[in-house]
Structures are given as structure tokens and as C-alpha cells.
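Chain and residue survey
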Amino acid sequence: MELRAVRGMNDILPEEALRWHYLESTFRSHAELHGYGEVRTPILEHTSLFTRQIGETTDVVEKEMYSFERHSDNLTLRPEGTAGAARAYVEHGINAKEPVSRWYYLGPMFRAERPAKGRYRQFYQAGCEHFGDPGPLCDAEMIDFIAAYLRKIGVSGFAVHVNSLGSAGTRERYRAALVEHFAPVRSTLSEDSQRRFEKNPLRILDSKDPRDREASASAPSILDMLDDADAAHWKGLLRYLDVLGVPVVIDPTLVRGLDYYTRTLFEIRATDADLGAQSALLGGGRYDNMVEGLGGPKVPAIGFAMGLERLLVSTPASPVTRSLGCYLAPLADIGADKALVLARELRALGVTAEVDGRGGRLKAMLRRADSLGAHLCVLLGDTEIARGVVTVKNLRAHTQDELPLEGAARALCDRIAAIAGSTGTDNDEARGAR
Ligand code: HAM
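The following refers to the structure shown. (Residues numbered from 1 in each chain as written. Predicted model: local features only at pLDDT ≥ 70, side-chain atom pairs only at ≥ 80, totals over all residues. Heavy atoms only, no water.)

**A look at the overall build of the chain**
Scanning the chain for helices and strands turns up 18 helices and 16 strands. Relative to its length of 434 residues, the chain is extended, with a C-alpha radius of gyration of 28 Å against a globular reference of 22 Å. Seen along its three principal axes, the alpha-carbon backbone of the chain occupies a region of about 95 × 55 × 45 Å. Taking all 434 residues of the chain together, 50% fall into the buried category. Long-range contacts, defined here as pairs at least 24 residues apart, represent 69% of the contacts in the chain between residues at least 6 apart. For the chain, the computed accessible surface area is about 21,000 Å², with 52% contributed by carbon and sulfur atoms. Between the averaged position of the 54 positive side-chain charges in the chain and that of its 60 negative side-chain charges there is a distance of 3 Å. (Helix = DSSP H or I, 4+ residues; strand = E, 2+ residues; numbered from the N terminus. Rg over C-alpha atoms; globule rule 2.2 N^0.38 Å. Buried < 20%, exposed > 50% of the residue type's maximum accessible area, 1.4 Å probe, protein only. Contact = heavy atoms within 4.5 Å. Areas by Shrake-Rupley, 256 points an atom, 1.4 Å probe, with all protein chains shown as cover. Lys, Arg positive; Asp, Glu negative; His and termini not counted. Charge placed at Lys NZ, Arg CZ, Asp CG, Glu CD.)

Spelled out as C-alpha cells, the structure:
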């Protein structure tokens with residue numbers, strides 16, 4: 001059989017990668033603007049990290065983890081970034097070094113889900129984790145941060161759904177209310193929900209199965225059951241969001257698929273993009289008990305992660321193109337030697353340069369230079385080299401002249417800067433530096 005990529009795992013080819021770079025670099029600078037620093041944690045973690053933190057009865061842990069044993073360690077390819085970040089936070093005793101930590105990350109995650117548009121088995125997340133601030137000011141600021149990022153990258157329509165899951169006491173009372181609500185209709189629920197009924201009835205609210213949806217429609221709202229401290233936090237969140245002018249949809253049915261959340265919970269859904277059932281661009285919330293659960297001190301935390309594949313579908317296919325400064329076309333062996341050295345000198349000056357090493361015909365080389373969007377094509381033929389010059393074709397202005405080979409790199413670099421000045425393109429773009 002022909003070898004293909006693993007189902008649900010995609011290749012990202014260089015042309016497509018340009019759009020990824022745009023989302024990623026915009027995310028990095030946006031996060032850094034808000035005081036976040038990058039954390040890079042391993043892609044493999046001990047399986048127990050996820051089973052304990054994400055929750056034994058979640059879909060992720062029950063059905064979707066890529067786990068295996070090696071050298072007597074039970075390991076799992078990370079299905080998400082929060083548990084690993086919190087583990088690193090505790091392991092490095094970060095709370096003793098600073099009262100508040102703002103971390104961001106970018107990278108691949110793995111879940112053995114049924115592949116569909118916007119749902120893959122290897123997918124990429126960009127996320128933030130904020131440790132040490134109980135909120136709700138920082139909760140609102142995080143949601144505003146995300147909305148600003150989505151606007152920056154051109155996501156046209158999105159809705160911010162928010163809910164509160166309260167703290168442990170509230171959730172315990174809510175759990176009891178849900179058991180009471182679902183008990184009479186238990187036998188009509190999906191098999192998964194019947195199984196989770198006693199252990200984790202909140203999961204039933206998160207089910208996409210129409211039988212569960214029907215039974216959930218009349219379920220009590222957790223927002224009616226918040227204790228005083230949770231209610232004050234929830235009100236504070238809505239007030240700060242109002243101060244920031246962020247419109248939200250209050251959604252008491254929002255529970256999300258991970259068990260570690262406490263109080264603030266949010267999900268941003270695309271309203272314009274064609275994402276089918278996968279309309280959640282991102283999700284997040286507060287997880288005030290995780291650091292302590294990992295053996296650390298009691299440090300509150302909040303975070304979110306967005307799926308880059310889903311953002312790509314939701315943003316305009318902007319014309320991000322690769323541009324090349326100089327294409328070097330050697331027409332003979334001696335020309336090839338000179339081209340190699342000239343290309344190195346150009347790159348040292350920050351000009352992107354490519355040498356055509358195929359030894360082909362001039363026409364084919366010019367076609368290639370054109371297709372790469374090169375600004376200049378430098379021809380290095382025998383007769384030119386013998387006279388100590390190179391021929392320079394400006395592929396945009398369709399002009400041609402000669403330059404002395406000696407000092408050609410500097411002269412070509414100046415020309416490109418002049419092209420940038422006259423066309424209004426910025427210098428980096430003209431040099432092909434992005
Ligand atoms: P999550 O809701 O499981 O939350 O995933 C966050 C986002 O990752 C989703 O909204 C979606 O955009 C993307 N995503 C999830 N699964 C897939 C998939 N199979 N294919 C493509 N994209 C996917 C978390 O992961 C939490 N760690 C978020 C968080 C951070 N909460 C607190 N801090």
C-alpha cells in the first residue's frame with residue numbers, strides 16, 4: 001500500500017505555512033504586548049497527569065489519548081497544553097519566584113477523535129495560562145485580549161459565550177440537582193450519558209447526542225445556584241466585560257469537555273465561517289484547583305487555547321506571498337562559482353537570494369525567477385564574467401543593465417532598497433526578508 005500521512009494528521013506545505021506564520025507571529029507579538037512570555041513544555045507527559053487533571057470521565061481521557069508504555073513509563077502525547085503548563089509551574093516552584101505568571105504557548109496537540117473539517121488528530125493550539133490572580137478582572141482582560149487578537153487577524157464573526165461553574169461547593173449542589181433532574185429520564189439518555197450519570201452528570205450537558213440534548217433543555221441553570229462568593233465573581237466578570245465593551249452571550253449550558261474548570265468558563269464560536277459542528281474557535285476558563293492538585297500551593301489560574309486550523313478557516317485567505325530579492329542565474333561553470341559567492345554576500349546583507357544550480361537554459365531560469373516573485377534576476381554568463389560584470393534584470397520594471405561584479409552585492413542591495421522606496425513596499429518585503 002502507498003504510504004500516506006496518518007489519518008487526521010496533516011502536512012502543512014511551505015506555501016500554506018505562510019498563513020500559519022502570520023497567525024503565529026501575530027499571536028506571539030499580541031501575547032508579548034500583554035506581558036506573556038513563552039513556555040515550551042514536552043509533547044510527551046506521564047499519562048496520569050492528564051487522567052487526573054482533565055478527568056477520568058471526559059471524552060479526552062476515556063477515548064482520545066494516544067498513550068503507550070516505554071521503559072516502564074506510561075506516556076501520552078499531550079491532548080492539550082494546560083496540564084503540562086501547570087505541571088511545569090509547580091515543578092519549577094514558580095510561585096516562589098513571582099506572584100503572577102503569564103505564559104503562552106504554541107504547538108501540536110493530539111487527540112484520537114473522528115476526523116472532520118476543523119477536527120483533526122494532530123492539531124495546533126495557541127494558548128495562554130495566567131497563574132496567581134483570582135480574577136475576575138484578569139478573566140475579563142483575557143477575554144478582551146482574545147477578542148482583540150481575533151479582530152487583528154481578521155476573524156469576521158464570532159460570539160463570546162460565558163458561564164460560571166462556581167467553586168467546588170456550588171458544583172456539588174449543582175451535581176445533586178442534575179442527578180435529580182435526569183433521574184426520571186435516565187433510560188432515554190445516550191449510553192455514554194447513562195454511564196456518566198452518577199459520576200459526572202455535568203458531562204450530559206456537554207453531549208451532542210440529540211437524546212441528551214432534549215433531556216438537558218429543561219435542566220436547572222448553575223447560575224441560579226452560585227454561592228455568594230461565586231456570584232460576586234460572576235457579577236464582577238460581567239461588569240469588567242461591560243467596561244471593556246465586549247459583548248457576550250450568557251450561556252448556562254456551557255460546560256466544556258474538561259473537568260478542571262472552576263468559576264469562569266468561556267468559549268468563542270465562529271458565526272460566519274463554515275466550520276460545521278466545529279464552530280468553537282477556542283475555549284478556556286479558570287482552574288483554581290489544578291496547581292494545588294499537582295502538589296503545589298493554592299494558586300488560582302485561568303487560561304484558554306485556540307485551534308489554529310479553525311482560525312485559518314475563519315480568516316480571509318490574505319495574499320501572504322513569499323518574495324525573493326535576487327535570483328542568480330549562472331550560465332556557465334565559472335558563472336556558478338561566482339553566483340555561489342555572490343549569493344552568500346547578498347544574504348549577509350539581508351537580501352534573500354537563490355542560485356539556480358540546474359545548469360539549464362536561460363529561458364527556464366527566468367521563468368523560475370518570475371514564478372518566485374524575484375525582484376532582480378542576475379545573469380552570470382561567460383562573456384559577462386570575462387568582462388568583470390553581471391547582467392541585472394529588473395523583473396518588475398522589465399529593464400536590464402550591467403553592474404561590475406566587484407561590489408555587486410552592495411550595489412544589488414542598494415537597488416532593492418531603491419525599489420522599496422519607489423514602490424512604497426517596505427524594505428523587508430523588497431529584500432524578500434519575509
Ligand atoms: P479545548 O476546548 O479542548 O480546551 O480545546 C481548545 C480549542 O482547541 C478548541 O476550541 C478548538 O479550537 C481546538 N481543538 C480542540 N480539539 C481539536 C481537534 N481535534 N482538532 C482541531 N482543533 C481542536 C483546551 O484544550 C484547554 N486546554 C483550554 C484551556 C487552556 N483552558 C484553560 N487553559
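Read on for the rest.
**Section: the packing of helix H2 (residues 47–54) against helix H4 (residues 82–91)**
As a packed pair, H2 and H4 sit with axes 10 Å apart at the nearest point and diverge in direction by 105°. Taken together, the axes of H2 and H4 lie roughly perpendicular to each other. Contacts between H2 and H4 involve Leu49, Phe50 and Gln53 from the first element and Ala83, Gly84 and Arg87 from the second. Counted by class, the contact of H2 with H4 contains three nonpolar, two polar and one charged residues. (Axes fitted to C-alpha atoms, helices over the stretch in contact; angles between N-to-C directions. Parallel < 35°, antiparallel > 145°, perpendicular 65-115°, else oblique. Nonpolar A, V, L, I, M, F, W, Y, C, P; charged D, E, K, R; others polar.)

**Digging into the site of the ligand**
Lining the immediate surroundings of the ligand are 27 residues, of which Glu80, Thr82, Glu113, Arg256 and Tyr261 lie closest. Between a nitrogen atom of the ligand and a side-chain N or O atom of Glu80, the distance comes to 2.6 Å. Here a nitrogen atom of the ligand sits 3.2 Å away from a polar atom, N or O, in the main chain of Phe304. In the complex, 95% of the free accessible area of the ligand, which totals 660 Å², lies under the protein chains. (Near = heavy atom within 4 Å. Polar contact = N/O pair within 3.5 Å; in protein donor to acceptor, adjacent residues only side chain to side chain.)

**Focus on the side chain of Asp251**
Here Asp251 is to be found in the loop between strand E8 (249–250) and strand E9 (262–270). Residue Asp251 is classed as buried on the basis of its relative accessible area, which comes to 10%. A distance of 2.9 Å separates the side chain of Asp251 from the side chain of His161, its partner in a polar contact. Residues contacting Asp251, with those up to four places away along its chain left out, are His161, Val162, Asn163 and Arg269.

**A closer look at the packing of helix H6 (residues 137–152) against helix H11 (residues 228–243)**
Running from N to C, H6 and H11 cross one another at 40°; their axes reach a closest spacing of 8 Å. Classified by the angle between their axes, H6 and H11 sit oblique to one another. Every pair of crossing elements has a handedness; the one defined by H6 and H11 is right-handed. Contact with H6, carried on its side by Leu137, Asp139, Ala140 and Ile143, involves His233, Leu237, Tyr240 and Leu241 of H11 and no other residues of that element. Counted by class, the contact of H6 with H11 contains six nonpolar, one polar and one charged residues. (Left-handed = near helix turned anticlockwise from the far one by under 90°.)

**Overview of the sheet that holds strand E12 (residues 324–330)**
Taken in spatial order, the five strands line up as E13-E12-E14-E15-E16 in an open sheet, and their pairing is mixed. The sheet is open, and its two edges are formed by strand E13 (353–355) and strand E16 (399–404), each paired on a single side. For this sheet, the mean angle separating the axes of adjacent strands, direction not counted, is 25°. Alignment of E12 against E13, held across three bridges, turns out to be parallel. Residue Cys326 lies in a different strand from E13, and its bridge partner there is Ala353. (Pairing = 2+ DSSP bridges.)

**Points about the side chain of Thr57**
As for its position among the elements, Thr57 is in the loop between H2 and helix H3 (59–64). Thr57 sits in the buried class, given a relative accessible area of 10%. For Thr57, the residues in contact, after removing those within four places along its chain, are Glu62, Arg196, Lys199, Asn200, Arg203 and Asp259.

**Quick notes on the sheet that holds strand E11 (residues 301–307)**
With respect to topology, eight strands assemble into an open sheet ordered E1-E5-E6-E11-E10-E9-E7-E8, the strand pairing being mixed. Strands at the two margins of the open sheet, each flanked by one partner only, are strand E1 (37–38) and E8. Across two bridges, strand E7 (residues 158–164) lies against E8 in parallel orientation. Following the sheet pairing, His161 is matched in E8 by Val249. Contacts between H6 and the sheet are confined to strand E6 (122–131), E7, E9, strand E10 (280–286) and E11, with E11 contributing the most and set at about 20° to the helix.

**A look at H4**
With respect to burial, H4 is a largely interior element, eight of its ten residues being buried. For H4, the set of buried residues is Thr82, Ala83, Gly84, Ala85, Ala86, Arg87, Ala88 and Tyr89. If you follow the buried residues of H4, they end up packed against strand E2 (44–46), H2, helix H5 (94–97), strand E5 (101–110), E6 and helix H12 (290–293).

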